[in-house]
Amino acid sequence: MVPQNAKKSSPDPVLDATLRPRNWQEFIGQKKLKANLWVAIEAAKSRGEPLDHLLFYGPPGLGKTSLAHLIAAEMGAALTPTTGPAIERTGDLAAILTNLAEKSVLFIDEIHRLAKPVEELLYPALEARSLHIILGRGPGARTLELQLPTFTLIAATTRPAMLSAPLRSRFGTTWRLDFYEAPEIEQILERSSRLLNITLAAEARRLIAVSSRATPRTANRLLKRVRDLAQTRGETVVSPDTAREALRMLEVDAEGLEPTDRRLLTALIEQFRGGPVGLKTLAAATAEDEGTIEDVYEPYLLQLGFIERTPRGRTATAKAYAHLGKGAVARLL
Ligand SMILES: Nc1ncnc2c1ncn2[C@@H]1O[C@H](COP(=O)(O)OP(=O)(O)OP(=O)(O)O)[C@@H](O)[C@H]1O
Ligand SMILES: [Mg+2]
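Residues numbered from 1 in each chain as written. Chains lettered and ligands numbered in written order. Predicted model: local features only at pLDDT ≥ 70, side-chain atom pairs only at ≥ 80, totals over all residues. Heavy atoms only, no water.

1. Describing helix H9 (residues 216-232)
- A rise of 1.5 Å per residue sets the reference length of H9, with its 17 residues, at 24 Å; its end C-alpha atoms lie 25 Å apart and thus fit the reference within 8%.
- Taken as a whole, H9 has its buried residues at Pro216, Thr218, Ala219, Asn220, Leu222, Leu223, Val226, Leu229 and Ala230.
- The inward-facing, buried residues of H9 abut helix H1 (13-19), helix H7 (182-195), strand E8 (199-200), helix H8 (202-210), strand E9 (237-238) and helix H10 (240-249).
- Among the residues trailing H9, Gly234 stands out with phi positive, at a value near 65°. (Helix = DSSP H or I, 4+ residues; strand = E, 2+ residues; numbered from the N terminus. Expected span 1.5 Å × (residues − 1). Buried < 20%, exposed > 50% of the residue type's maximum accessible area, 1.4 Å probe, protein only. Contact = heavy atoms within 4.5 Å.)

2. Overview of the pattern of salt bridges
- What the rule picks out here adds up to 27 salt bridges.
- Note that Glu49 is salt-bridged to Arg47, the shortest N-O span being 3.0 Å.
- For Glu49, a relative accessible area of 39% gives the class partly exposed.
- Taking the shortest distance from any N to any O, the salt bridge between Arg221 and Glu258 comes out at 3.4 Å. Taken as a pair, Arg221 in helix H9 and Glu258 in the loop between H10 and helix H11 (259-270) lie far apart in primary sequence, 37 residues in all.
- Taking the relative accessible area as the measure of exposure, Arg221 reaches 29% and is therefore partly exposed.
- One salt-bridge network, held together by shared partners, links Arg213, Arg221, Glu258 and Asp261. (Salt bridge = Lys/Arg side-chain N within 4 Å of Asp/Glu carboxyl O.)

3. Digging into the packing of aromatic side chains
- In total, this model carries two aromatic pairs according to the counting rule given.
- When the ring of Trp24 is compared with that of Trp38, the centres are 5.8 Å apart and the planes differ by 40°; the resulting orientation is tilted. With a gap of 14 residues between them, Trp24 in the loop between H1 and helix H2 (31-47) and Trp38 in helix H2 connect regions that are remote in the sequence.
- Classification of Trp24 by relative accessible area gives buried; the value is 9%.
- Against the face of Tyr123 rests Arg170, its NZ or CZ located 4.1 Å from the ring centre. (Phe/Tyr/Trp six-rings, centres within 6.5 Å; stacked < 30°, edge-to-face > 60°. Lys NZ or Arg CZ within 6 Å of the ring centre and 35° of its normal.)

4. Considerations on the site of ligand 1
- Ligand 1 sits among 22 residues. The nearest are Asp16, Arg20, Ile28, Thr65 and Ser66.
- The contact in question runs from an oxygen atom of ligand 1 to an N or O atom on the side chain of Thr65, over 2.8 Å.
- Within the side chain of Asn220, a nitrogen or oxygen atom sits 3.2 Å from an oxygen atom of ligand 1.
- Its free accessible area being 630 Å², ligand 1 has 98% of it covered by the protein chains.
- Those elements that place two or more of their residues in the shell around ligand 1 are H1, helix H3 (64-75) and H9. (Near = heavy atom within 4 Å. Polar contact = N/O pair within 3.5 Å; in protein donor to acceptor, adjacent residues only side chain to side chain. Areas by Shrake-Rupley, 256 points an atom, 1.4 Å probe, with all protein chains shown as cover.)

So this is what it looks like as structure tokens:
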């Protein structure tokens, strides 16, 4: 059983909220997804109907929550945000559902962490907008069926594999968010630096972009740290040297890898001769949480082609050996 306690909440919710795209144009990248959503939104609006239930999945910080907010705004719908672990009992969900405004959006983040009875109560709500409440216990128990307002569920998860098949099948559409291209991250940095009152030299912006794990949230976080260093150096325009130095101090390397990424790769190569090794064993060897490895670190290492997932576990690729340097290759021989 995969542990469910993976670190999930954003490391800097204030920064997230400050820099969240305010409109559709400010949401950079994910072009195919945006185009598809746009058609669905326009069609629903012209029919005067709510949007079908939607599921977004993908690694943290790629824009799932931002999209949920933008869709609700575009539909002119109120958004009620909550999270899987916050809905502890069926009564909590019943209270949320019965209080929804007509044609509103319910956003459930971390939907993979919904308790089973809560999930089961959600099924008829999604299918027929009906809520089944059981009154009393034992042989005398009765079921009361309530009609709910029309609503759209937008759910987000970093762990689509943990969703049960019946839950997954109840979404009209399911969308994967991909990592961003460097020029897209540069565009995001351009906007963020404007909002944070920073002027970046073009090369400084490029350096931050390539170090950002192809992830907008990471780019914004790095930008803030670079700004701090520029301030102590009295720079009005952030120089490439300052960007480089800030990244060096954060121990982020040229591929955007952080110390934990390198520790994982080093363990995989040195302790397990490049694998294959199971996630559990790797987690134990590095004292990292299994869920965090799977959610946060592994997707980017897979994207870079530094590791591969095989049925027998994770393996390090030649690219990973090359990145960690000659020593790693020598140890393999
Ligand atoms: N496409 C985008 N364009 C501009 N900024 C973006 C984009 N996607 C994300 N961001 C920035 O990254 C931050 C994090 O995005 P968001 O909270 O939507 O990610 P998430 O996928 O919900 O992450 P998590 O899985 O951790 O909940 C946002 O506040 C925003 O500043
Ligand atoms: Mg989110």
